[in-house]
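In case you want the letters, here they are:
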Amino acid sequence: MRKLLFVLAISLLSVTVVSCKNGDSHIRVSQVGYLKDDIKTGVVLSKLRLDNKKFEVIDVSTGKASLTGNLEKNKFEHTNFKFSYKFDFTRLDKQGKYIVKIGDAASYPFEIGDDFFADVVDTLMQFYKIQRCGYTNPEWHEVCHIADATSLIFNGRTLDKQVDVTGGWHDAADYIKFFNTTAYTTYLLLFAYEHDNQKFGFDLDKNGAPDILEEAKIGLDWLIRADYREKRFITQVQDLRDHEVGWRMPEDDPLAFDRPGFTGIGKNLIGIYSATMASAARVWKSRFGNEEYAAECLRRAEQKFSIINEVDDIDSSGTGMYLDNKWEGKAALGAIELYITTGDSKYLTDAKLLGNLANSDYWWSWGNINSLAHYKIALHDESFTKYIKNNLIHFNNTRNSNIFEEGAAYSWGTNNTLMGISLQVILYESLTGDNSFDSLLVSQRDYVLGKNPWGLSFIHGIGAKYSENFHHQVAHFMDGHLPGGFAAGPVTREFLDAYNIPFEGADQYIEFQTDSSYYRDDKMDYVSNEPTITANATAIFVMGHYSRR
């Protein structure tokens, strides 16, 4: 319904919006909108000097200006646009639908109100049902990959042995499954529910179980299967031949009965696994009263953590993807979650030691999640808050150096990183009550929702103009449609060029591309336009924080 309203609004303002898209000036705001008490800012890219030019925030229902102001001074040159400006309309707090006008240019419509971020969360959640593998009631495709894994690979040797690791999620656009990203995703879904079981306790299918826990159970069941030996995990299912087959639906995968499982273990994997299982033990006991499942999860968490000093620091099995470069943060997370679940002080001692060794990591990705450990430890020792604050100061300094306020340099998975910055602000404010990083939090959120050089919401189906041509197997057969798809996000031109991707058509956003920020809404682009289960998990936490369920 909200998308329909946006479309109607665009049609009513068609002349103005066309001017915005094809003229000398382009206005960028969040296409979802702003809560009444939000910080509200936008950016203008222009070929013309607009210093002190008036901007108007127009109420779509009346066609009249609800607020006017003047642009700030020119900030930076941006590719074809010699002038760029920021504007602030924070003081507008009246509920409604609006556009921003500057001369003949206009923004896409957006809302100011109390609750529309729940819709974003619900959309992001849909992606997981498409990613489901095996007998997990997937959507948009049939049951698939029912023989995982058909053989095992150990230290480069293939063993003629089958292990049941059916289920779980396909990691991204392909049909490979990874232990590291499945554990991260599952943990973060559980983390969100425990952080606020009101906002994340929604039950849209009305079956008595929170939707986010139903999805987490998909990951948990697979992780339990992947924990197949005392000192060994199945760390990956399928090899890189998956990338060579071409477009196909998962149930039509010609490699369905030739999918090896790689085996390995490391302190890093034990850490994230133990954290996930210890958290699951609490949730399943408190929310569902399922003592048996809770005990099984805790048993596995404790067993694996008990051998953490007997294994390599970092697992290196598989085909070279999703390999951590550090382990201390994930191990600290495992220790603190075990402490919270068991109350055994030895785990708290371990958590503090490991948490200090982990230090601030000044980043966020599936592999850089030290702040999760520091947050949980800080609930018992507030000195660990400093590590999160170090990160935020670094991100804040970075975002103040560019017009679109990105808090980190572009890399593979930029949008996940930006959402991770927002997540860390939320955790820091929860611990301290200090809201001095609010503008950092909101700027990263708004960036992925449209306040970026391309004027795109990177979440499919959200906003008036969003990513439509994902690099994704199922989306290929659905004319690019991918409910809840969340694009990986921009990278540098040099980074993208290194992969020599054979793009399908002309770059519709060429006017806004720079060497330092490049994004292609092209189904062949597996670097900047591929969705992942990890990025969706991070975005669900951030967008859910703003929901008013």
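For the structure, see preceding data.
Residues numbered from 1 in each chain as written. Predicted model: local features only at pLDDT ≥ 70, side-chain atom pairs only at ≥ 80, totals over all residues. Heavy atoms only, no water.

A word on the overall build of the protein chain. A tally of regular secondary structure across the protein chain gives 16 helices and 14 strands. The C-alpha radius of gyration of the protein chain comes to 23 Å, within 12% of the 24 Å expected for a compact globule of 549 residues. Dimensions of the protein chain, computed from the C-alpha atoms along their principal axes, are close to 70 × 50 × 45 Å. In the protein chain, of all internal contacts separated by at least 6 residues, the share reaching a separation of at least 24 is 73%. Just so you have it, the protein chain exposes about 20,600 Å², and 47% of that area is on carbon and sulfur atoms. Computed over 57 positive and 74 negative side-chain charges, the separation of the two mean positions in the protein chain equals 4 Å. (Helix = DSSP H or I, 4+ residues; strand = E, 2+ residues; numbered from the N terminus. Rg over C-alpha atoms; globule rule 2.2 N^0.38 Å. Contact = heavy atoms within 4.5 Å. Areas by Shrake-Rupley, 256 points an atom, 1.4 Å probe, with all protein chains shown as cover. Lys, Arg positive; Asp, Glu negative; His and termini not counted. Charge placed at Lys NZ, Arg CZ, Asp CG, Glu CD.)

Looking now at helix 9 (residues 345-358). Taking 1.5 Å of rise per residue, 14 residues should cover 20 Å, and helix 9 covers 20 Å from first to last C-alpha, within 8% of that figure. Taken as a whole, helix 9 has its buried residues at Tyr347, Leu348, Ala351, Leu354, Gly355 and Ala358. In an axial view of helix 9, the angular spread of the buried residues amounts to 135°, which keeps them on one side of the axis. Pointing more than 90 degrees away from the buried face of helix 9 are the exposed residues Thr349, Leu353 and Leu357. Contacts made by the buried residues of helix 9 are with helix 7 (291-306), helix 8 (328-342), helix 10 (370-378) and helix 11 (385-399). At the N-terminal end of helix 9, a side-chain oxygen is found 3.1 Å from the backbone nitrogen of Lys346, two or three residues along, and the residue is Asp344. (Expected span 1.5 Å × (residues − 1). Buried < 20%, exposed > 50% of the residue type's maximum accessible area, 1.4 Å probe, protein only. Arc of directions from axis to C-beta. Polar contact = N/O pair within 3.5 Å; in protein donor to acceptor, adjacent residues only side chain to side chain.)

A word on the sheet that holds strand 11 (residues 157-159). The strand order across the open sheet formed by five strands is 11-10-14-13-12, and the pairing between neighbours is mixed. The open sheet has two edge strands, strand 11 and strand 12 (177-178), and neither has a second partner. Inspection of the sheet shows strand 10 (residues 151-154) paired to strand 11 by three bridges, in the antiparallel sense. The residue of strand 11 that forms the bridge with Ile153 is Thr158. (Pairing = 2+ DSSP bridges.)

Sheet strands pair by backbone hydrogen bonding; their relative direction is either parallel or antiparallel. Within the open sheet, the three strands sit side by side as 1-3-6. Their pairing is antiparallel. Edge positions in the sheet fall to strand 1 (25-28) and strand 6 (83-88), since each has one partner strand and no second. Across the sheet, the axes of successive neighbouring strands diverge by a mean angle of 20°, strand direction being ignored. (Axes fitted to C-alpha atoms, helices over the stretch in contact; angles between N-to-C directions.)

Considered as a void within the structure, the largest pocket measures approximately 1,000 Å³ in volume. What lines the largest pocket is a set of 41 residues, and nearest its centre among them are Met321, Tyr322, Trp412, Tyr526 and Glu530. Secondary structure elements with two or more residues in the lining of the largest pocket: helix 12 (414-432) and helix 16 (533-545). Its residues assigned to classes, the lining of the largest pocket shows 19 nonpolar, 16 polar and six charged. (1 Å grid on protein atoms, 1.4 Å probe; cavity = no way out; pocket = protein on both sides within 12 Å on 5 of 7 lines; lining within 4 Å. Points joined across faces, edges and corners; volume = space filled by probe spheres on them. Nonpolar A, V, L, I, M, F, W, Y, C, P; charged D, E, K, R; others polar.)

Another point: the pattern of salt bridges. Scanning the entire structure with this criterion turns up 36 salt bridges. Among the salt bridges present, the one from Arg300 reaches Glu296, with a minimum N-O distance of 2.7 Å. Of this pair, Arg300 and Glu296 are both found in helix 7, four residues apart, which corresponds to roughly one turn of the helix. Exposure remark for Arg300: the relative accessible area of 14% places this residue in the buried category. By relative accessible area, Glu296 is classed as partly exposed at 26%. Here Lys465 ties to Glu468 by a salt bridge, and the two come within 3.8 Å at their closest N and O atoms. When its relative accessible area of 35% is taken as the criterion, Glu468 is described as partly exposed. (Salt bridge = Lys/Arg side-chain N within 4 Å of Asp/Glu carboxyl O.)

Our focus in this paragraph is helix 5 (residues 211-226). The first and last C-alpha atoms of helix 5 sit 23 Å apart over 16 residues, in line with the 22 Å expected at 1.5 Å per residue. When you tally the buried positions in helix 5, you get 12 out of 16 residues, the bulk of the element. Along helix 5, the residues that are buried comprise Asp211, Ile212, Leu213, Glu215, Ala216, Ile218, Gly219, Leu220, Trp222, Leu223, Ile224 and Ala226.

The alternating pattern of strand 9 (residues 110-113) places Phe110 and Ile112 on one face and Glu111 and Gly113 on the opposite face, and all of these are buried. Relative to strand 9, strand 2 (residues 33-35) is paired through three bridges, and the arrangement is parallel. Each bridged residue has a counterpart across the sheet, and for Leu35 the counterpart in strand 9 is Gly113.

So, on to the environment of Asn500. Relative to the elements of secondary structure, Asn500 occurs in the loop between helix 15 (493-497) and helix 16. A sequence separation of 77 residues divides Asn500 from Leu423, and the C-alpha atoms of the two residues are 33 Å apart.

At the junction of Asp148 and Ala149, the peptide bond is cis and its omega measures out at -5° in the coordinates. Examined against the element boundaries, Ala149 turns out to sit in the loop between helix 3 (117-131) and strand 10. With a phi angle near 50°, Lys206 is a residue other than glycine that sits in the positive phi range. For Lys206, the location among the structural elements is in the loop between helix 4 (179-195) and helix 5. The exposure class assigned to Lys206 is exposed, which follows from its relative accessible area of 71%. Backbone geometry places Glu405, a non-glycine residue, at a positive phi of 65°.

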